[in-house]
Amino acid sequence: MKDAKKDKCSHDNCSCQAAADSKYCSPYCEAAKGTAEIACGCEHSTCAGKVSPV
Ligand SMILES: [Zn+2]
Ligand SMILES: [Zn+2]
């Protein structure tokens, strides 16, 4: 049995589930920590914080 925590990604605007070995769902979110982004640009299509292409 894995000790996988079902934590949300620590990026405020990201709704993805964080990776088992990280506080973030992707390198994008990890790199975005500390920044005041208005939207999430991770690669997950299910993310609710996606930037809408105009
Ligand atoms: Zn995201
Ligand atoms: Zn994320």
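Note that the structure is predicted; figures quoted are calculated from it, not measured. (Residues numbered from 1 in each chain as written. Chains lettered and ligands numbered in written order. Predicted model: local features only at pLDDT ≥ 70, side-chain atom pairs only at ≥ 80, totals over all residues. Heavy atoms only, no water.)

1. Overview of the environment of Gly49
Thought 1: Inspection of the secondary structure puts Gly49 in the segment after α1 (27-32).
Thought 2: Given the relative accessible area of 11%, Gly49 is considered buried.
Thought 3: Residues Gly49 and Ile38 lie 11 residues apart in sequence; the distance between their C-alpha atoms is 8.4 Å.
Thought 4: Once you skip the residues sitting within four places of it in the chain, Gly49 turns out to touch Asn13, Ser15, Ala39 and Cys40. (Helix = DSSP H or I, 4+ residues; strand = E, 2+ residues; numbered from the N terminus. Buried < 20%, exposed > 50% of the residue type's maximum accessible area, 1.4 Å probe, protein only. Contact = heavy atoms within 4.5 Å.)

2. So, the coordination of the zinc ion (ligand 1)
By definition of the ideal shapes, four donors in a tetrahedron about a metal sit 109.5 degrees apart, and six donors in an octahedron sit 90 or 180 degrees apart.
Thought 1: Distances from the zinc ion (ligand 1) to its protein donors, namely Cys14 (SG), Cys40 (SG), Cys42 (SG) and Cys47 (SG), fall within the range 2.4 Å.
Thought 2: Bound by 4 donor atoms, the zinc ion (ligand 1) shows angles of 100 to 123 degrees at the metal and therefore tetrahedral coordination geometry.
Thought 3: For the zinc ion (ligand 1), the donor residues sit on a single chain with the sequence spacing C-x25-C-x1-C-x4-C.
Thought 4: The distance between the zinc ion (ligand 1) and the zinc ion (ligand 2) comes to 3.7 Å, and Cys14 binds to both of them. Here Cys14, found in the segment before α1, pairs with Cys47, found in the segment after α1; they are 33 residues apart in sequence, far enough to count as distant.
Thought 5: We classify Cys14 as buried; its relative accessible area is 3%.
Thought 6: Residue Cys47 is classed as buried on the basis of its relative accessible area of 6%. (Donors = N, O, S within 2.8 Å, 3.2 Å for Na, K, Ca; no water. Tetrahedral: all angles 85-135°; square planar, octahedral: opposite > 155°, others 65-115°.)

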